[in-house]
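Architecture and fold: a report
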Amino acid sequence: MKLCKFCKVPDSPVWKTMRTVSALCCLLAATLFMCGGSVTAKQVHFGKCALNLHLRNLREHFNEMDSFIPQGDSSIALLDGDALNDIKPAESCCFLRQVMVFYLRSVFGHYTSKHPIVRRRCSSLANSFSSIEKPLTECHRRMMCHCGEETRLKMKELQSTYDKLDARAAAEKAIGEIQILLSWMEKPHDY
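Residues numbered from 1 in each chain as written. Predicted model: local features only at pLDDT ≥ 70, side-chain atom pairs only at ≥ 80, totals over all residues. Heavy atoms only, no water.

Condition: UniProt positions are given in the numbering used here, feature names are shortened, and annotations may be inferred rather than shown by experiment.
As named in an unreviewed UniProt entry, the protein chain is Interleukin family protein, taken from Huso huso. According to UniProt, the comment filed for the protein chain under the heading Subcellular location (unreviewed entry) is "Secreted".

This is the structure:
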């Protein structure tokens, strides 16, 4: 059997295929490494809880579906950017955890769209929110998430406003306001 002059392994079609696949995997890994941002998580602190988040991916998923989402009544806001910015860093972990649970239980399950891209991206966002909620729940279990009156009141107001709307309109409104939540998540919340 003839040996390959470079790597001293048998020079057979199987080995050639394996070397080709290996080279392609290395090329893919190098490409992903050079692209960086979309595959690298950023460590973000919410109070005492540190999370590794793919914020760029979340933003890209939302942006890809944003133009297909009906904007609804602009006089009603579920998430107010100014109100979110008033949340104390110590309560940011608790608030984010409760918002993730709210979206997972109340919003994603009730939102439907005829656009395939929106359905796919919504599913990706729901999976991402679930992945974010799990470590937040662990931080809460370890008493690292302080849940104060401010968070309780903001969540009560969010749920109350959501419940006053028609189920479909409420889900569309909440999906459309994910950008407000993402902007808040991108800001520092450590203390």
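Examining the overall build of the protein chain
Using the following cut-off: By definition, any uninterrupted DSSP run of H or I lasting at least four residues is a helix, any uninterrupted run of E lasting at least two residues is a strand, and each is numbered from the N terminus. The classification of residues rests on relative accessible area computed with a 1.4 Å probe and restricted to protein chains. Under 20% of the type maximum is buried, over 50% is exposed, and intermediate values are partly exposed. The criterion used for residue contact is that any of the two residues' heavy atoms lie within 4.5 Å. Accessibility throughout is a Shrake-Rupley quantity obtained with a 1.4 Å probe, and a residue counts as covered only by protein chains that appear here.
Assigned secondary structure in the protein chain consists of eight helices and two strands. A buried classification covers 37% of the 191 residues belonging to the protein chain. In the protein chain, the share of contacts with a sequence separation of at least 24, taken over all contacts with a separation of at least 6, comes to 76%. Total accessible area on the protein chain is roughly 11,300 Å²; 57% of this is exposed by carbon and sulfur atoms.

So, the nonpolar core
For the record, the criterion: To form a nonpolar core, buried Ala, Val, Leu, Ile, Met, Phe, Trp, Tyr and Cys residues must be joined to one another through side-chain atoms within 4.5 Å.
Judged by nonpolar contacts, the single largest core of 46 residues is most densely connected at Leu96, Tyr103, Leu181 and Met185. When residues of this core are traced back to their parent elements, those giving at least two are strand S1 (42-46), strand S2 (49-53), helix H2 (55-66), helix H4 (89-107), helix H5 (116-141), helix H6 (149-164), helix H7 (167-176) and helix H8 (178-185). Considering every element that reaches this core, the biggest residue donor is H4, with nine residues. Ignoring anything within four residues of it in the chain, the contact list for leucine 96 reads Phe46, Leu51, Ile132, Leu136, Leu181, Trp184 and Met185.

Thoughts on the layout of surface pockets
Rolled over the atoms, a probe with the dimensions of a water molecule shows which regions are left empty. We count it as follows: Both site types are read off a 1 Å grid over the protein atoms alone. A 1.4 Å probe that fits but cannot get out defines a cavity, while an open set with protein on both sides within 12 Å along at least five of seven lines defines a pocket; lining residues have an atom within 4 Å of a point. Grid points are joined across faces, edges and corners, and a volume is the space filled by probe spheres set on the points.
Roughly 200 Å³ of internal volume is contained in the largest pocket. Residue lining of the largest pocket: Ala77, Leu78, Leu79, Asp80, Ala83, Leu84, Phe95, Lys154, Met155, Glu157, Leu158 and Thr161, and that is the complete set. Residue assignment for the lining of the largest pocket shows that the elements contributing at least two residues are helix H3 (81-85) and H6. In terms of residue count, H6 provides more of the lining of the largest pocket than any other element does, five residues in total.

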